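Listed here are the chains, written in short residue letters.
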Amino acid sequence: MARQTTVLVPAPTANGDLHLGHLGGPFLAADVYARFNRAMGRQILFASGVQESQTYVVSTARRLGVHPDQLVSSSTADVRQSLAAFGISIDGFALGDEEFETRLVDFLTRLHAAGRFELRRMPFPYLERTGEFLMEAHLHGTCPTCLADGCGGVCESCGHHNNPGDLLDPRSAAYPGDEITTREVEVLVLPLERYRERLRAYYAAPERVTRPHMRHALLEMLDRPLPDFPITFPTSWGIPAPFPEVIAQVVNPSAEAMASGIHNATVAARAAGRALASPDEPWLAGGENDVVYFMGFDNTQTFALIGVALLMACQGRYVTPTMITNEFYELGYEKFSTSRGHVVGVRDLVRQVPRDAIRYFLAATSPEHQRTSFSRSAMSKVVRSRLGDPWHELSAAVNAWLDRDHPSGEPYLPVTARSRAAAATMVDRFAIDYGLATFSLNRAAETIAAQLARLRQRAAVLDSGRCSPADAGDLCHEVEVFVRCAAPVLEDLADQGLRGTPPPAT
């Protein structure tokens, strides 16, 4: 059985369309990684979808004056169309449908039957006006770890997961002036402290691939006792919890992470026409499976801590994924915000600008280790100087020479050993940029610009008419190799080929 890698992006919440913040972070990175590995002949499944169970669906629907189900339907269609418009080569797109609910319930029920969950009383903020317990989108407050303001759940600033009762100065998102009380509720929890030493050893392993911010955050979390993580929530929106101890509760959406990844891989395998012996086959340990997540840093605790602990609780049934994080991609140095209209729509931009130009600029400015910002003027300048103008001059010189000095029907041009060695070096450089341990969209964009500049300089000799057939053969060979190497980022350039390709300019 050939080794298979499942590439995943956590399913975005179905409360709106994708914007460039999503694309400039995990989706483009996952797409480039998947394209490179497919080109290397490896078996790849690339999957994502939408998550319907978060309370952000309810809060957004309330703000828009629509029913949550209507919002889920329109958002799902929008996300699909934006992924297609941007050229994300996804194999499977999963929904929060009955099939997923069945898989999630099966995943959690097996853990429940094995005694992995415990019934505990936990404090929840309570809004007397509506008689609701508050969490996630319905709850705002101060993170007790870093003192940043945010919603209940994961702190976007430090990455720590805050149980609803842990937030300082809690307030209702819908009724911020109302007084909030605290009530204790019995919920099922995963006692994370049981897994702290195993998690510490897991992430301390030298072969573990993590980016510095994620590693530092995990070390900080694992250096202190871990809190109980609520598997169930006392609220009505979400997937009903299948446990008799907690009637009328739902599954905490953050507990869905790994079950969602397993299901999404199954959907992708089915879409790719692959026969599966079991629905979770792409994740099973002991075989030839690898799983790689590309995700925002704010998903660190949900996936890298809680999710991996849930997999450990499955007693070796599943592989543990490698996770590549990114920071926030901003617009004008402010967070993308759909509610404030502070966004750049993916499909709107693709209608105005060549797709490769956008993909190149997002790769060059991808927020790998710190926040970066998008601007239309910067994109125009960077793409034109590093990609558009050099490619136009290179392709014009090569095509002019072919039309003038190498009529069609003649034998292939000679290629020297020196040129083959240069092409091999180029392949090696790109392979480092695309390889998992050293993966970097930033460096891939730099390598594209550097190799394009080098080839453009050599093309100047061709254009002057002072070259031999060997010189021309070498250049054409290296240009072809360059196009193949740049293809994971510049997909349209690779599809169209050299002759007749318009320059990717803005």
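None of the values given here were measured: they were computed from a predicted structure.

K.L.:
Explain the side chain of Q54 here, please?
P.N.:
Relative to the elements of secondary structure, Q54 occurs in the loop between β2 (43-49) and α2 (56-64). Residue Q54 is classed as buried on the basis of its relative accessible area of 16%.

K.L.:
Got a minute to help me understand helix α14 (residues 469-486) in this structure?
P.N.:
Since the α-helix advances by 3.6 residues per turn, residues separated by three or four positions end up pointing in the same direction. For α14, spanning 18 residues, the distance from its first C-alpha to its last is 25 Å, which sits close to the expected 26 Å at 1.5 Å a residue. Most of α14 is tucked away: 13 of the 18 residues are buried.

K.L.:
How should the side chain of E256 be read in this particular structure?
P.N.:
Residue placement: E256 occurs in the loop between β14 (250-251) and α7 (257-271). Despite its burial, E256 pairs with no opposite charge, the nearest such side chain being R103 at 14 Å. Once residues lying within four places of it in the same chain are set aside, the contact partners of E256 are Q51, S53, F100, L104, I239 and V251.

K.L.:
What's the story with the sheet that holds strand β11 (residues 180-191) in this structure? I'm lost.
P.N.:
Sheets are built from strands that pair by backbone hydrogen bonding, the pairs being arranged parallel or antiparallel. Taken in spatial order, the four strands make up an open sheet running β5-β4-β11-β12, and their pairing is antiparallel. The sheet is open, and its two borders are formed by β5 (132-133) and β12 (228-230), each paired with just one other strand.

K.L.:
Whenever I open this one, the pairing of β11 confuses me. Can you help?
P.N.:
Every regular strand shows the same layout, with side chains that alternate between the two sheet faces. Relative to β11, strand β4 (residues 118-127) runs antiparallel, the two sharing 10 bridges. Of the residues in β11, the one forming a bridge with M122 is V185. Here β11 pairs with β12 via three bridges, running antiparallel. When the bridges of β12 are listed, P191 appears paired with D228.

K.L.:
Please clarify how the sheet that holds strand β7 (residues 149-151) should be interpreted in this entry.
P.N.:
The strand order across the open sheet formed by three strands is β7-β6-β10, and the pairing between neighbours is antiparallel. Each edge of the sheet is formed by a strand with only one pairing partner; in this case those strands are β7 and β10 (168-172). Neighbour-to-neighbour, the strand axes of this sheet turn through a mean angle of 25°, independent of strand direction. Bridging between strand β6 (residues 139-142) and β10 involves three bridges; their strand directions are antiparallel. Considered in β10, the bridge of H140 is made with R171.

So, how was this worked out
- Residues numbered from 1 in each chain as written.
- Predicted model: local features only at pLDDT ≥ 70, side-chain atom pairs only at ≥ 80, totals over all residues.
- Heavy atoms only, no water.
- Helix = DSSP H or I, 4+ residues; strand = E, 2+ residues; numbered from the N terminus.
- Buried < 20%, exposed > 50% of the residue type's maximum accessible area, 1.4 Å probe, protein only.
- Expected span 1.5 Å × (residues − 1).
- Lys, Arg positive; Asp, Glu negative; His and termini not counted.
- Salt bridge = Lys/Arg side-chain N within 4 Å of Asp/Glu carboxyl O.
- Contact = heavy atoms within 4.5 Å.
- Pairing = 2+ DSSP bridges.
- Axes fitted to C-alpha atoms, helices over the stretch in contact; angles between N-to-C directions.

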